[in-house]
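One letter stands for each residue in the lines below.
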Amino acid sequence: MLAQRYSETHGLDDGVPDSPWAVNLADDQGRFHLLAFDLDAHRPDVTEAAHEDTATLEKLLADLRIRAVTTASSGQADGGRHVWVALTEPISAAVANALAQRLGALLPTLDKAPLCNATSGCVRPPGAPHRAGGSSTLLRGRIEWLTRPANTPQHVAALLDVLDARIEELPAVVASEDATLARLPKDGKGHPYLSGERRNLSPATKDAVQRAMGPGDDASAALWRIMLGCAAARWRFADVIAHAGEPGFEHARTQRSVTGQARIARPRTGPDSATAVMRRQWRKACAHIARNPRRSDHGETWDRLAAPIADAVESIQAAADATPGRWAEGHGPAARRALDTLCAWALEGLTLRLDASVRHLGESATLSHESARTALWALERWGLVRHVSESVGTRAATWELVIHTHPIPALPHAVPGGVPPPADATARVGWSVLRAILRSRLLRLHHDAWTGRGLGLAAGNLWVNPKVVSESGTRRLTTGGIRPTTTRQELDAWAKQHRVDGTLDRRRVSHAIERLQYRWWLDEVQRVRDQQRPESSSPRVLESLGRYPRRGRTWRPNHLEAARTCAQAIVHRSTAAA
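Asker: Quick question: what am I supposed to make of the overall build of the protein here?
Answerer: Across its full length, the protein holds 21 helices and 14 strands. The buried share of the protein, taken over its 578 residues, is 46%. The contacts in the protein between residues at least 6 apart in sequence include a share of 69% that link residues at least 24 apart. Summing over all exposed atoms, the protein offers an accessible surface of approximately 28,600 Å²; the carbon and sulfur share of this is 52%.

Here it is as structure tokens:
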């Protein structure tokens, strides 16, 4: 895939260049004076998605009264779009990177590279020629909004707050949280909580509750830390509400004004009211602690431990995106799904060393267990993962994600020599945003249409990640009539029409049967050993299934009959649960 390169520097007094040219977004100190959002339409099939992302971004900016200029990258109606925002005062590289990561979770066609590179991040401004012909053409806005800016860093801060709320509402994030919350106990008013004895808050949480917010403090991040600390301490929502008047709850009581210059009181009712905001944050915190018990174990050290893992995962993902051809054919499509799944697990477990069963990996990555197995070995061959240890009994084999820029040891050890957490508080969103991106991508892939019997792995990867390059995937999407805006209901209809519906359900049941049969066999092996050594007998794990079936006088194990028995047990459990 070709990239535009600008190898020469042209002075402002030297006239307008004849060849394609671009302007740097940041100054020599790495501070961003310009924000350029590049909505990429490098393939015809993503043009519609790029234009929809542009409209979404324009509305976000307009709602905050941020003056933005939109251009057609090449002057063509079916090309990409650039949305420009000029600032009265520069923002740090950390803030620009945080903004790019947040927007990337919402806008799949956004090229985040210019906003993540304070050294050479540049974009062609209005009027600059395109390498394929044409030039960047003004569509909406005024050039004066770039030469005489009115947008302030406070506008950017307000945009970050809005994006945080939008990320929380991503369907994939909401669906995952709802599934976790369904398993938690509820109080009399239906608010979730974590079971266990109520404890005192940790010193860090107490400090967050009592500390007043200064002009430059992130009130949203402070409220999130408080909610996490209260959930980890096994508090109830009523306990939290009782402390709503404390200084640390500023984000629940007030919100940024439209201009971002000051905070104003929240409305008494509606989705932006104090109670509604606290209820949403409480649900998210309970779900998060339930999925990540290590968070309550590490308390105030969480940010310090999460930051290097997020940096590692971001580097791994950037390296993967930089080599799109690797994931196009052969083992590549399956390997990319496996890599994304391992990265998501690393974020949730706060470690790059992971126990990865091929069946569990396959179910999470929408792969067969055989595709998951070959994907792991392909990733190892390419130096992206390392095989640490073989599987033992029911414990899966251990694999470690490899990053070549710096070592990240696993928890609970310290992180000597690792990348320290960013000093800027707004840069600490990497963990949550990366997790939202990966979980959203994996959940969108979880469909019968994106299996090998359906449209195929490459087509699915291309559909959820427009930056993936695959000629075969493009052909299959075109032949199947699948667009970037195709809904899940339309995919359901496609799968049913092509008789691939139910593939994932059958695969999940098959894996459940195989797991149960394997545990039963291990139980049988231990029983035979115990007969030979009665003094070291072990308790039976699966006594409800009885003795493992054998063949007549030969006493050889009858694995086929065992599989039938396990299938009946799985069906019985499913029926009882329903």
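Text resumes after the structure shown.
Asker: Hey, could you run me through helix H1 (residues 47-63) in this one?
Answerer: Residues spaced three or four apart along an α-helix face the same direction, because each turn holds 3.6 residues. Between the first and last C-alpha of H1 there are 25 Å, a value that for 17 residues agrees with the 24 Å anticipated at 1.5 Å per step. Every buried residue of H1 is accounted for by Thr47, Ala49, Ala50, Asp53, Thr54, Leu57, Glu58, Leu60 and Leu61. Just downstream of H1 lies Arg65, where phi reads positive at about 60 degrees.

Asker: Even after reading the chapter, I still don't get the side chain of Asp340, so can you show me in this structure?
Answerer: Locating Asp340 in the fold gives a position in helix H13 (residues 332-349). Among the polar contacts listed, one links the side chain of Asp340 to the side chain of Gln317, at a separation of 3.0 Å. Sequence-distant contacts of Asp340, that is, excluding residues within four places in its chain, are made with Gln317, Leu438, Arg441 and Leu442.

Asker: How do you make sense of the pattern of salt bridges when you look at a structure like this?
Answerer: Pairs can form between side chains of opposite charge once their charged atoms are near each other. This structure, assessed with the given rule, holds 19 salt bridges. A salt bridge links Arg515 to Glu363; its shortest N-O distance comes to 3.2 Å. Of this pair, Arg515 sits in helix H20 (residues 503-532) while Glu363 sits in helix H14 (residues 358-365), and the two are 152 residues apart along the sequence. Given the relative accessible area of 32%, Arg515 is considered partly exposed. With a closest N to O distance of 2.6 Å, Glu400 and Arg386 form a salt bridge. Residue Glu400 is found in strand S12 (residues 398-401), and its partner Arg386 is found in strand S11 (residues 385-389); the two are separated by 14 residues along the sequence. Since its relative accessible area comes to 13%, Glu400 is described here as buried. Here the salt bridges do not stand alone but share partners, grouping Asp321, Arg336, Asp340 and Arg441 into one network.

Asker: How should the packing of H13 against helix H17 (residues 457-464) be read in this particular structure?
Answerer: Geometry of a packed helix pair, given as the angle between the helix axes and the separation of the axes. Put simply, H13 and H17 touch, their axes get as near as 8 Å, and they point 50 degrees apart. In terms of their interaxial angle, H13 and H17 are classed as oblique. Handedness of the crossing formed by H13 with H17: left-handed. Contact residues: H13 offers Pro333, Ala334, Arg336 and Arg337, while H17 offers Leu457, Ala458, Gly460 and Asn461. Residue composition of the contact of H13 with H17, by class: four nonpolar, two polar and two charged.

Asker: Hey, could you run me through the sheet that holds strand S10 (residues 353-355) in this one?
Answerer: Hydrogen bonding along the main chain pairs the strands of a sheet, whether they run parallel or antiparallel. One open sheet accounts for three strands, arranged S10-S12-S11; its pairing is antiparallel. In the strand order of this sheet, the two ends are held by S10 and S11, each with one partner. Pairs of neighbouring strands in the sheet enclose a mean axial angle of 30 degrees, with direction left out of account. In the sheet, S10 pairs with S12 via three bridges, with the strands oriented antiparallel. By the bridge assignment, Leu354 is partnered in S12 with Trp399. Contacts from helix H15 (residues 369-381) reach S11 and S12 within the one sheet, and its direction differs from that of S11 by about 115 degrees.

Asker: Just checking my understanding: could you explain the pairing of strand S3 (residues 69-72) for this structure?
Answerer: Along a regular strand, successive side chains alternate from one face of the sheet to the other. What you see with S3 is no split at all: Val69 and Thr71 on one side and Thr70 and Ala72 on the other are buried throughout. Bridging between S3 and strand S4 (residues 81-91) involves four bridges; their strand directions are antiparallel. Within the sheet, the bridge partner assigned to Thr71 lies in S4 and is His82.

Asker: Whenever I open this one, the state of the cysteines confuses me. Can you help?
Answerer: Here a disulfide denotes a covalent bond joining the sulfur atom of one cysteine to the sulfur atom of another. Evaluated as defined, the whole model comprises zero disulfides. This cysteine, Cys230, is not joined by any disulfide, and Cys286 carries the nearest cysteine sulfur, 9.7 Å off.

Asker: It is not clear to me how H17 should be interpreted in this structure. Could you clarify?
Answerer: Burial runs high along H17: eight of the eight residues are buried. Leu457, Ala458, Ala459, Gly460, Asn461, Leu462, Trp463 and Val464 are the residues of H17 that are buried.

Asker: So what exactly am I meant to see when it comes to the sheet that holds strand S5 (residues 110-111) here?
Answerer: Here five strands make up an open sheet; going across it, the order is S5-S2-S4-S3-S7 and the pairing antiparallel. Two strands lie at the open edges of the sheet, namely S5 and strand S7 (137-140), each paired on one side alone. Here strand S2 (residues 32-39) pairs with S5 via two bridges, running antiparallel. In the strand pairing of S5, Asp38 is matched with Asp111. Across the sheet, H1 touches S2, S3, S4 and S7, and the angle it forms with S4 is around 30 degrees.

What counts and how
- Residues numbered from 1 in each chain as written.
- Predicted model: local features only at pLDDT ≥ 70, side-chain atom pairs only at ≥ 80, totals over all residues.
- Heavy atoms only, no water.
- Helix = DSSP H or I, 4+ residues; strand = E, 2+ residues; numbered from the N terminus.
- Buried < 20%, exposed > 50% of the residue type's maximum accessible area, 1.4 Å probe, protein only.
- Contact = heavy atoms within 4.5 Å.
- Areas by Shrake-Rupley, 256 points an atom, 1.4 Å probe, with all protein chains shown as cover.
- Expected span 1.5 Å × (residues − 1).
- Polar contact = N/O pair within 3.5 Å; in protein donor to acceptor, adjacent residues only side chain to side chain.
- Salt bridge = Lys/Arg side-chain N within 4 Å of Asp/Glu carboxyl O.
- Axes fitted to C-alpha atoms, helices over the stretch in contact; angles between N-to-C directions.
- Parallel < 35°, antiparallel > 145°, perpendicular 65-115°, else oblique.
- Left-handed = near helix turned anticlockwise from the far one by under 90°.
- Nonpolar A, V, L, I, M, F, W, Y, C, P; charged D, E, K, R; others polar.
- Pairing = 2+ DSSP bridges.
- Disulfide = S-S within 2.5 Å.

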